[in-house]
Protein chains: 4
Amino acid sequence: MKDRMDIWVIGGDMRQVKLSEALSDDGHSVHSFALEKGQAGSGVRQEESLAGASLADCVILPLPAEGEGGVLNAPLSDSRCTLEMVFDALQPGQVVCAGKVTPRALALAAERSITLRDYFAREELAIANAVPTAEGAIQLAMEELSITIQGCRVLVLGYGRVGQATASRFAALGAKVSVAARKYADLARAESVGLGVEQIGALREWLCGYDLVVNTVPARVLGEEELSALREGCLVIDLASRPGGVDFSAAAALGVRAIWALSLPGKVAPVSSGRYIRDTIYNILRELGV
Amino acid sequence: MKDRMDIWVIGGDMRQVKLSEALSDDGHSVHSFALEKGQAGSGVRQEESLAGASLADCVILPLPAEGEGGVLNAPLSDSRCTLEMVFDALQPGQVVCAGKVTPRALALAAERSITLRDYFAREELAIANAVPTAEGAIQLAMEELSITIQGCRVLVLGYGRVGQATASRFAALGAKVSVAARKYADLARAESVGLGVEQIGALREWLCGYDLVVNTVPARVLGEEELSALREGCLVIDLASRPGGVDFSAAAALGVRAIWALSLPGKVAPVSSGRYIRDTIYNILRELGV
Amino acid sequence: MKDRMDIWVIGGDMRQVKLSEALSDDGHSVHSFALEKGQAGSGVRQEESLAGASLADCVILPLPAEGEGGVLNAPLSDSRCTLEMVFDALQPGQVVCAGKVTPRALALAAERSITLRDYFAREELAIANAVPTAEGAIQLAMEELSITIQGCRVLVLGYGRVGQATASRFAALGAKVSVAARKYADLARAESVGLGVEQIGALREWLCGYDLVVNTVPARVLGEEELSALREGCLVIDLASRPGGVDFSAAAALGVRAIWALSLPGKVAPVSSGRYIRDTIYNILRELGV
Amino acid sequence: MKDRMDIWVIGGDMRQVKLSEALSDDGHSVHSFALEKGQAGSGVRQEESLAGASLADCVILPLPAEGEGGVLNAPLSDSRCTLEMVFDALQPGQVVCAGKVTPRALALAAERSITLRDYFAREELAIANAVPTAEGAIQLAMEELSITIQGCRVLVLGYGRVGQATASRFAALGAKVSVAARKYADLARAESVGLGVEQIGALREWLCGYDLVVNTVPARVLGEEELSALREGCLVIDLASRPGGVDFSAAAALGVRAIWALSLPGKVAPVSSGRYIRDTIYNILRELGV
């Protein structure tokens, strides 16, 4: 990877602002477009048009790249710009990195011989993002519970990346953590780091033993029956992306406190999230030999 | 200690409400007075007068027991009651446990041959309270910082009970934690658990290396000079009781974010705080042979 | 899975002895054969012939099942027995669980319509076995090094199951641990739990910074060039299975202390290893509906 | 403290050898005497007489300074030398640091106006030494037990410096650790870091629930009655200095494996132990204004 690159950051939220600053701090020449309300530091050159983008070593689009109707996702800008407009400003062979790339975007890039890579599809970014997600869950639990995390009985549903990051952090703070999962290997993994384990099948039978339930499984695991088995005052935090794992209307009807916490990385730690994206883009560029 | 006692909880805040519930859950016969807005659970008998208090095995007063002007500290009550009134309702030889007992309260109790003990002066309560204090500091840091605790460079000033609880928890969440203290033994203790150490004397020289500074020393350690040495965006959390360790007006003038977080246990975890007081009172009663 | 089963444990080392005891402690009727020198507890029935094995709900063969020449692996027995002899004593449809099953064994079982499953191929067993492997590495390091693990600079090569278990345990004891791996996702995983990371490519450049190098990669990563870059007194522990990752003759020539630690689970914790095999066999039986 | 000092290290074991090397590595001019079999590195000047010692900024005696009969403790030397001989070689006002200073040694020093300080009496050294002591206990447990530390049920008797270092390290490796202590504050401290607690009074009643008992209390806590309450196969490690806490003859009669592990720091980690002594001596010299 080249030491000094010309990089354009186009559209996005505070993560992209922080990403542009992090790239500039690394010594790259960084231009931003459609991010004007984000007020990036002085090292980032705020551009009014896409004119110079055709000279960029790398163009970075937001996460997700497209908002509704195929428009560039640019909540920090008044300008309204389409993906086509961005791609049309580039040359064949240029490298574009974007998050949650759609088939439509891939097609647009292919037509123009642009190399489009999805940083959000990279495992290293998913692993990194699990950290602020887990920290966000801890923050919510601290804000909502009237007991300490120390000694709190926590059940984590699912033991993938987010489940692991969450369970280990609650345990590190002294909570008594159990993990419920379907796969024997996941249960063995949880046991090997000293966590309790429960078979996810018989959920209802032992749900009453917990002060906090954190779901990471993107499937309806906590329906009315399960929610009514919770002890009084138990808090439910759902970290699973759509459709989520909790029947929130049943929770409301039963008086169960349930919080659906989506997209935590950008909310609780935009600076770290921007750095994770930067690191992932560096990896992509190294692989592409830029 | 007797298995079933008659206990009166008189005055106080949510911790006393939760304390009364915890005592009731343990099978004791619990009466509350001057706590009516706290809405304790059904097991606690809300009394309208102090008439029956003379039969109590133990009477529990709040933390602190007295508000301004020697009045009973009872923010959850409309009644206005003095310590004298409470003590006058008791018999010689009865046991009263209170928090932050003043010489005046001790004299009042002595005149009436009442056994008055200060639970807040007990080391086990101070140790227990360090946990919600540390958790409160973590919650504040999570709310205020735009980076994750993981990887955050944290400096903890002082390494007593609160300093130890705070430093170890930040480290458990992956922060890079250093401790600054004056005593060689404290520095050795911090090193023996893998923390970095700094001599507190030369504070200014290396303060710039931290994203978060948590003070636990109840003396002015962060004056204008030190505060101006902090890196931009550094957060300061002061956990020290009055007079605190931070020059907050200098911080305001310098644009340094500084938060004075007092009395965290009762705020962030009233239920746990109530239990700690209960456990401490049990220890006192065991020692008294009640 | 049935609550009370008839189980035969045939051949093997101390792990099989401990496995048979663990099964007996769970209430099963357990028979052992070709394990006589292991002196299992009184609950295990030591058999002199395979006559009754045809009635077993499950037959358990060792890890590996076969020694040289296709003979049953039975170091704790004077009897010499072949796999064929064992299979011939069984009926069609019976369930046999064995470790490191060869194609030859699979064929023998298939000819007899015996259901043969390999417990060593199961991920949950590999995960569980990583724990005693990591603990064995710690024990070796403690025995060999004249410094404490606390503060020791440890490099872990590879970040699979064993690498993760090893790195996290050294870090938990206060070592300064870095991980070298090839995949970006592995490096991100190591960073997300607070470990240092190094790109495995440029090994030689920073090998000199470590007091201990633990290899888990089953490929020659530490050749003469790398070994000569180590600092004086650095210890090398190789946990990788054959062919291992260290050039041991180069190490000897260079005077580098290098230990090839193979098959640690059975050596350092035979009782735990037996239990892991038991748990894995239960999982297999549950899936088979036994 | 001066950057370059003239230091004499006189007598002692491998810790003193490593101490002399560590001092030399820091740039001081280091002389050794009565340590000749220790073969310190080339930076340390091995002296044949005490002639030059009167010019030293600091003279370091071993731990303990005296062997039987008031002779200098010098197991790595053939020379036989008394404390008097050492002190007679010095001038009034010189600084001597020694371990476990006796009243006799203090008197000898006072007669000659020599400033004698006891580094072993310093709290920072006791805290530092708790680390290799705890690591030694872990090593012994790993060597002796046939189960993993992960999941092992460990009871730590006493919660002072060594108890804390030991309990936290076993817990960090995934053991289920309980602490038994007499003081409520110690129990609260153990609870505040997530350990289980037991009242040390009723020891016999729940001793049967542990796989490993580590004693740190220097008083007979494990007599015949307690030892006979242990479960079969339970290991006992006694870390308490003389008279120790275990009735070893009763243990032998009962067939209980009990190990008295004394002076672990010098045995398991002489290099680290030497560094701890160096750091403590630096602290002493700083306080003396040398």
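Because the structure is a prediction, the values reported are computed rather than measured.

(A) Here's a closer look at the overall build of chain A. Counting secondary structure elements, chain A contains 11 helices and 12 strands. With the C-alpha coordinates of chain A rotated into their principal frame, the extents come out at 60 × 35 × 35 Å. Taken across its 290 residues, chain A has 59% of its residues classed as buried. Counting only contacts in chain A whose residues sit at least 6 apart along the sequence, the fraction spanning at least 24 positions is 57%. As presented, chain A carries roughly 11,600 Å² of accessible surface, and 48% of it is formed by carbon and sulfur atoms.

(B) Expanded view of the interface of chain B and chain A. Contacts between the two partners involve 23 residues from chain B and, on the opposite side, 23 residues from chain A. When the area that chain B buries against chain A is broken down by residue, the three leading residues are Glu135, Met142 and Thr148 of chain B, summing to 30%. The tally of links from chain B across to chain A stands at zero salt bridges. For the pair chain B and chain A, the number of links is 10 residue pairs in polar contact (both at pLDDT 80 or more). Put simply, the parts of the chain that give the side of chain B that touches chain A at least two residues each are α4 (123-144), α5 (161-172) and α11 (270-288) of chain B.

(C) Region of the structure containing the side chain of serine 192 of chain B. Within the element layout of this structure, serine 192 of chain B appears in helix α6 (residues 184-192). In this structure the side chain of serine 192 of chain B is engaged in a polar contact, spanning 2.8 Å, whose partner is the backbone oxygen of arginine 189 of chain B. Beyond its immediate chain neighbours, meaning those up to four positions away, serine 192 of chain B contacts Gln150 of chain C together with Ile127, Val131 and Arg169 of chain D.

(D) Geometry of the sheet that holds strand β7 (residues 153-157) of chain D. Residues and elements named next belong to chain D. Pairing in this open sheet of six strands is parallel, and the strands run β9-β8-β7-β10-β11-β12 from one edge to the other. At either margin of the open sheet sits one strand with a lone partner, and together these are β9 (196-199) and β12 (257-260). When the angles between neighbouring strand axes are averaged without regard to direction, this sheet yields 20 degrees. Relative to β9, strand β8 (residues 176-181) is paired through four bridges, and the arrangement is parallel. Counted as the bridge partner of valine 179 is valine 197 from β9. Most of the contacts of helix α6 (residues 184-192) go to β9, to which it runs at about 160 degrees, and overall it touches β8 and β9.

Each value, and the rule that gives it
- Residues numbered from 1 in each chain as written.
- Chains lettered and ligands numbered in written order.
- Predicted model: local features only at pLDDT ≥ 70, side-chain atom pairs only at ≥ 80, totals over all residues.
- Heavy atoms only, no water.
- Helix = DSSP H or I, 4+ residues; strand = E, 2+ residues; numbered from the N terminus.
- Buried < 20%, exposed > 50% of the residue type's maximum accessible area, 1.4 Å probe, protein only.
- Contact = heavy atoms within 4.5 Å.
- Areas by Shrake-Rupley, 256 points an atom, 1.4 Å probe, with all protein chains shown as cover.
- Buried area = accessible area lost by both parts, 1.4 Å probe.
- Salt bridge = Lys/Arg side-chain N within 4 Å of Asp/Glu carboxyl O.
- Polar contact = N/O pair within 3.5 Å; in protein donor to acceptor, adjacent residues only side chain to side chain.
- Pairing = 2+ DSSP bridges.
- Axes fitted to C-alpha atoms, helices over the stretch in contact; angles between N-to-C directions.

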